[in-house]
Amino acid sequence: MATGQIFSKTTQALFYNYKQLPIQRMLDFDFLCGRETPSVAGIINPGSDGFQKLFFGQEEIAIPVHPTIEAACNAHPTADVFINFASFRSAAASSMSALKQPTIRVVAIIAEGVPESDTKQLISYARANNKVIIGPATVGGIQAGAFKIGDTAGTIDNIIQCKLYRPGSVGFVSKSGGMSNEMYNTIARVTDGIYEGIAIGGDVFPGSTLSDHILRFNNIPQVKMMVVLGELGGKDEYSLVEALKQGKVQKPVVAWVSGTCARLFKSEVQFGHAGAKSGGELESAQAKNQALSDAGAVVPTSYEALETAIKETFEKLVEDGKISPVTEITPPPIPEDLKTAIKSGKVRAPTHIISTISDDRGEEPCYAGVPMSTIIEQGYGVGDVISLLWFKRSLPRYCTQFIEMCIMLCADHGPCVSGAHNSIVTARAGKDLVSSLVSGLLTIGPRFGGAIDDAARYFKDAYDRGLTPYEFVEGMKKKGIRVPGIGHRIKSRDNRDKRVQLLQKYAHTHFPSVKYMEYAVQVETYTLSKANNLVLNVDGAIGSLFLDLLSGSGMFSKQEIDEIVEIGYLNGLFVLARSIGLIGHTFDQKRLKQPLYRHPWEDVLYTK
């Protein structure tokens, strides 16, 4: 066990098992104390490496993350404190590993419930190798104005109120971490504050004892008096009694052992800590308080009188000239986190992304305000989901069924079209699913799929302007533009596209109005007078019928319909539908284990 100071303003620690809040609190304390370097040198997250971004004052810093304790110790040889936030299941093994590192002097074990047999082994090794264990079941410790472990002393507001940003003259040790926060406040009210404070933890076998730290404090010149807060159970306080009797402690000690109320209960009482259970009269709070008083410690008559006892002891030291007044300083303000400041209404910060279609901040994701559970429970289909995410409203069932029909009819058109061909070639080159899919999707454009959008635009413009089919077709011809949605390589007047017929039949049965489709059919009648294959194709059918869906549903304004057509919603429908087929072709090639594709020479015209 160390015989003097174990922390300083240059102490650096390794933090085991990444926890954002306690690390940030350590860094905020560093900044408050005016440290030049952060106290956390590295983070150990088993199996991970890289960096974690945190704040040191206003500056954002990157703290290295290491996969093992050994790697962290090698990378940061000056870090001699190991702060262990592992669970009780792995705390002992990781603590022992840290104790065996030559660079580590102090190990703080935060976990509760560490098996006592494991703790005894840790204590034995630490004492044999002159190392310090704080805990298990501890909040840690603090040296005012220099270094603190994890969540010790709580929030920044509490730290400032307790004047822990600069050193005082009191050394404090307790079993309870929660009570240590209370005592820091009490001590700051009636003295110049804490120099060092330690919570040894409430387990039956603490890694270091109350007397271990009192004897350390006795050897630290800046500590002028000590305060001890013990509790019923165990015999740790008696080692302090012996040290006082043997004259090993020359500085005033104010002590109180809590748990005097235990005698009021008829049966044995187990308090919050594992060690806070009296095993007989000797372990009672009354017996310990009496023994400490007999040994020379200042012991008040009750916990309520503890503050007065501390105050009187401190004032006597000041009167005797053993304590000089501390020069008060104003600590720098800790910059407030943006999220906290926004939540408290102190700042306004612009957002970077706007989303009007979905929200996953609540208990379950919502599509256009409709909870995911509702979508499933009410039997919504893919068309309903598209209506929510694309159109931001629940369209009537006939509309969503039409959307689903379009997806099914456009999902695939065989392996020879450009998109499918690209996906097949890419898959056979050994590429992954996403690469193969994207390779096919990149062919979608004016000649493959894009005709749906253009058909809707041109049919809508012509109908809305009242053009006759003759005026529309001949006007397009003069501009040198083929009429989108008209014409097919195979289909003709006598060999109609079954897909077009199915869509037209559905629309006649369910749509309130099919004015745009009827106009497209009139255009088809005119174009068929020119050539037998200038039929209304599936692109033209979907484009015109989508206009009827939007206008006939009564749920969209003219401006909204114009925007939907202009943005390219219908092209999006084709992209979504055709992705199904492209994925299918990719899986098909991989399942068949097809080799690298090479285009045959005989299919290429070589010319000069």
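Computed from a prediction, not measured in an experiment: that's the story for all the values here. (Residues numbered from 1 in each chain as written. Predicted model: local features only at pLDDT ≥ 70, side-chain atom pairs only at ≥ 80, totals over all residues. Heavy atoms only, no water.)

Peer 1: Can you walk me through the sheet that holds strand β8 (residues 140-143) in this structure?
Peer 2: Strand pairing in a sheet relies on backbone hydrogen bonds, with the paired strands running either antiparallel or parallel. Judged by pairing direction, the sheet is mixed, and its six strands sit side by side in the order β9-β8-β11-β10-β12-β13 without closing on themselves. One side of each edge strand has no neighbouring strand; the edge strands of this open sheet are β9 (147-148) and β13 (253-258). One ladder, built from six bridges, connects strand β12 (residues 225-231) with β13; its direction is parallel. The residue of β13 that forms the bridge with Val-228 is Ala-255. Helix α9 (residues 285-294) rests against β12 and β13 of the sheet, and its axis sits at about 170° to β13. (Pairing = 2+ DSSP bridges. Helix = DSSP H or I, 4+ residues; strand = E, 2+ residues; numbered from the N terminus. Contact = heavy atoms within 4.5 Å. Axes fitted to C-alpha atoms, helices over the stretch in contact; angles between N-to-C directions.)

Peer 1: It is not clear to me how the environment of Leu-528 should be interpreted in this structure. Could you clarify?
Peer 2: With respect to the secondary-structure elements, Leu-528 resides in helix α20 (residues 515-528). Sequence separation between Leu-528 and Ile-486 is 42 residues, and the spatial gap between their C-alpha atoms is 9.6 Å. In this structure, Leu-528 is in contact with Arg-493, Arg-496, Leu-534 and Val-535, ignoring residues within four places of it in sequence.

Peer 1: Explain the domain arrangement of the chain to me, please; I cannot follow it from the model alone.
Peer 2: A common way to state how big an interface is: give the accessible area lost once the parts meet. Considered domain by domain, the chain is made up of domain 1 (13-320) and domain 2 (411-592). Of note, the centres of domain 1 and domain 2, computed from C-alpha atoms alone, are 73 Å apart. (Domains from an automatic or database assignment.)

Peer 1: Sorry if this is basic, but what is going on with the pattern of salt bridges here?
Peer 2: Opposite charge on two side chains permits pairing when their charged atoms draw close. Applying the stated criterion across every chain yields a total of 28 salt bridges. A salt bridge links Asp-80 to Arg-105, with the shortest nitrogen-to-oxygen separation between them at 2.8 Å. Here the residue Asp-80 occupies a position in the loop between α2 (69-75) and β5 (81-84), and Arg-105 occupies one in the loop between α3 (91-99) and β6 (106-109), the gap between them amounting to 25 residues. Counted as one network, the salt bridges with shared partners bring together Lys-460, Asp-464, Lys-558 and Asp-562. (Salt bridge = Lys/Arg side-chain N within 4 Å of Asp/Glu carboxyl O.)

Peer 1: Before we go on, may I ask you to explain the sheet that holds strand β7 (residues 132-134) in this structure?
Peer 2: Spatially, seven strands are ordered β3-β4-β2-β1-β5-β6-β7 in an open sheet, and the strand pairing comes out mixed. The open sheet has two edge strands with one neighbour each: β3 (50-56) and β7. Direction aside, the axes of adjacent strands within the sheet are offset by 25° on average. The strands touched by helix α1 (residues 20-33) within the sheet are β1 (13-16), β2 (40-44), β3, β4 (59-66) and β5, with β3 carrying the most contacts at an inclination of about 45°.

Peer 1: Please clarify how the nonpolar core should be interpreted in this entry.
Peer 2: The nonpolar side chains of a soluble globular protein tend to be buried with one another. Within the largest apolar cluster, 57 residues are counted, with the highest numbers of intra-cluster contacts made by Phe-402, Phe-459, Phe-472, Leu-503, Phe-511 and Phe-546. Element by element, the count of residues in this core is highest for helix α14 (residues 397-410), at nine residues. Setting aside anything within four residues of it in sequence, one finds Phe-402 in contact with Leu-503, Tyr-506, Phe-511, Leu-545, Phe-546 and Leu-549. Core analysis: the second largest hydrophobic core is formed by 55 residues, Val-173, Ile-200, Leu-240 and Val-241 among them. (Core = buried A, V, L, I, M, F, W, Y, C linked by side-chain atoms within 4.5 Å. Buried < 20%, exposed > 50% of the residue type's maximum accessible area, 1.4 Å probe, protein only.)

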